[in-house]
Each structure stands twice: as structure tokens, then as C-alpha cells.
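# Coordinate analysis (summary)
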Amino acid sequence: MKLLAASKGHPPSALRAAYQAGIRIFGENYVQEGLGKRTQLNDLTDAQWHLIGHLQRNKARLALDCFDLIHSLDSYQLAERLWRLRPEPKPEVLIEVNLGAEPTKSGVLLSEVEGLLEKVRELVVVRGLMTIPPPGATPEHSRLYFAQLRELRDKLTLTTGLALEELSMGMSRDFEVAIEEGATIVRIGEAIFGARPR
Ligand SMILES: *Cc1c(COP(=O)(O)O)cnc(C)c1O
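Everything numeric in this text was worked out from a predicted model, so none of it was measured. (Residues numbered from 1 in each chain as written. Predicted model: local features only at pLDDT ≥ 70, side-chain atom pairs only at ≥ 80, totals over all residues. Heavy atoms only, no water.)

## Remarks on the environment of Asp-46
Here Asp-46 lies in the loop between helix H2 (31-40) and strand S3 (48-51). Taking C-alpha positions, Asp-46 is 29 Å from Gly-107, a pair spaced 61 residues apart along the chain. For Asp-46, the contacting residues outside a window of four places in its chain are Tyr-19 and Arg-24. (Helix = DSSP H or I, 4+ residues; strand = E, 2+ residues; numbered from the N terminus. Contact = heavy atoms within 4.5 Å.)

## Observations concerning the nonpolar core
Phe-26, Leu-82 and Ile-95 are the most contacted members of the largest nonpolar core, which has 51 residues in total. Ranked by residue count, the leading element in this core is helix H6 (residues 143-160), at five residues. Those residues in contact with Phe-26 that sit more than four places away from it in its chain are Leu-4, Ala-5, Ser-7, Leu-15, Ala-18, Tyr-19, Ala-47, Gln-48, Trp-49 and His-50. In terms of nonpolar packing, the next biggest core, distinct from the first, is built from eight residues, Ile-25, Ile-52, Leu-69 and Ile-185 among them. (Core = buried A, V, L, I, M, F, W, Y, C linked by side-chain atoms within 4.5 Å. Buried < 20%, exposed > 50% of the residue type's maximum accessible area, 1.4 Å probe, protein only.)

## A few points about the packing of aromatic side chains
Inspection of every chain in the model, using the stated rule, returns one aromatic pair. Look at Phe-26 and Trp-49: their rings are 5.1 Å apart centre to centre, the planes differ by 35 degrees, and that puts the pair in the tilted class. Within this pair, whereas Phe-26 is found in strand S2 (residues 25-28), its partner Trp-49 is found in strand S3, the two being separated by 23 residues in sequence. Note that Lys-119 overlies the ring of Tyr-76, its terminal NZ or CZ placed 4.8 Å from the centroid. (Phe/Tyr/Trp six-rings, centres within 6.5 Å; stacked < 30°, edge-to-face > 60°. Lys NZ or Arg CZ within 6 Å of the ring centre and 35° of its normal.)

## Overview of the site of the ligand
Near the ligand the following residues occur: Ala-6, Lys-8, Asn-29, Ile-52, Ile-132, Met-171, Ser-172, Arg-187, Ile-188, Gly-189, Glu-190 and Arg-196. Here an oxygen atom of the ligand sits 2.8 Å away from a polar atom, N or O, in the side chain of Lys-8. Separating an oxygen atom of the ligand from a backbone N or O atom of Gly-189 is a distance of 2.8 Å. Compared with its free state, where it exposes 380 Å², the ligand has 89% of that area covered by protein. (Near = heavy atom within 4 Å. Polar contact = N/O pair within 3.5 Å; in protein donor to acceptor, adjacent residues only side chain to side chain. Areas by Shrake-Rupley, 256 points an atom, 1.4 Å probe, with all protein chains shown as cover.)

## A few points about the packing of helix H5 (residues 113-120) against H6
Two numbers describe how H5 lies on H6: the axes approach to 11 Å, and their chain directions differ by 45 degrees. With respect to H6, the axis of H5 lies oblique. The two elements H5 and H6 meet at a crossing, and its hand is right-handed. Residue-level contacts link Val-113, Glu-114, Leu-117 and Glu-118 of H5 to Leu-152, Lys-155, Leu-156, Thr-159 and Thr-160 of H6. Residue composition of the contact of H5 with H6, grouped by class: four nonpolar, two polar and three charged. (Axes fitted to C-alpha atoms, helices over the stretch in contact; angles between N-to-C directions. Parallel < 35°, antiparallel > 145°, perpendicular 65-115°, else oblique. Left-handed = near helix turned anticlockwise from the far one by under 90°. Nonpolar A, V, L, I, M, F, W, Y, C, P; charged D, E, K, R; others polar.)

Shown next, in the form of C-alpha cells:
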């Protein structure tokens, strides 16, 4: 199980302090912001940088320069663009799944994941799945969604033969439930850094 520090909105000094406390994976939501911080923290040579926010196709090149893993693949077009920019080594991604079918969220619908996976598997290395469950009153509300993501991963591993080892799920409020349901990467912001500066 890996701990990713979701560091959007926090200055490089806060990330450095987190590194000194043992954090080795930073997750950023915006390409430019991530690139700026990675540049300023380039002495942290064993840190990994992940993109956890939505990726627009016109930012794909910068994203490949900056990030080791993209958690938010949500279309064939984006996979194709990433592959054209860097056919080898293939870009590493997770497919973001919009389990609640929320119109305001990115990610693909549950019913679309297998089709997308079959189309993009030659273009990118799909390491697993990521989700952000719909907001709920309690952390337990997320359990059903986390279990759904794990079941989907297990099913797709069988039907595609791919090694979909990563389940990126769980944030400050519900990471304990996510770990119980098999998360391999939890993405924690506030519980590490405190409230985001405005
Ligand atoms: C901000 C963010 C997180 C972390 O959220 P917290 O509630 O601060 O732990 C995790 N994942 C994504 C995609 C985020 O945007």
C-alpha cells in the first residue's frame, strides 16, 4: 500500500517537509503547478510525481515531462495523444472510473471501462484503476464504491490478462475504508498538509 500526498495548493516548502517526514509520492492536480514544484524540488531524486487531476489533451506533452503516472486516463483520444508523444517507453496510466455516473466528474462510466481498456492497451501501460466516489455523509458511504472498483479490477484482470495491480482510492475522510477494500494507493491531502491555503 502506497501513500500519495495530494499536494495541490501547497508550496514547495510544505512538500519538502513532507518528504523529510518520509513521503515519496506527490500527487498534483494541475500540470503547470506540478511542473513548477517538481522543478523546484529536483534535488529530491527518489520522489515520484503523479497526476491525479483531469488531463486536457493540449497539456499531454508537459504532463509526460513531469509525471511518472497519470491517474486520470478517461478517453481513447488522450491515450492516443500520449502514445504519439512518447511511444517508448509507453506512458503509464490508471483509468479513472466515474462510479457514481456524476455529470460534474470526469472519468469513464463503469460500463465503458472494459471497452476503453481494450482500445488503449496497445498504446499505454494501464497499471490499474482510480476513482473518487460521490460525496456521502459518512466514510462508510464510500465502501460500496471501493468494493465495486476492486471487483471491476478483478474481473478485468481475468478477461484481459493484464496486470492491473493498482487501485487508487481513498482520501483523507475515507482512506481507512479504502484500505479495507483493497486500495494500493491512497491519495491524502488535508490529513497530511492541513487545510489548503486559499
Ligand atoms: C485533493 C484530492 C485528493 C486529496 O483530498 P483530501 O480530502 O485533501 O485528502 C485526492 N484525490 C484527488 C483527485 C484530489 O483532487
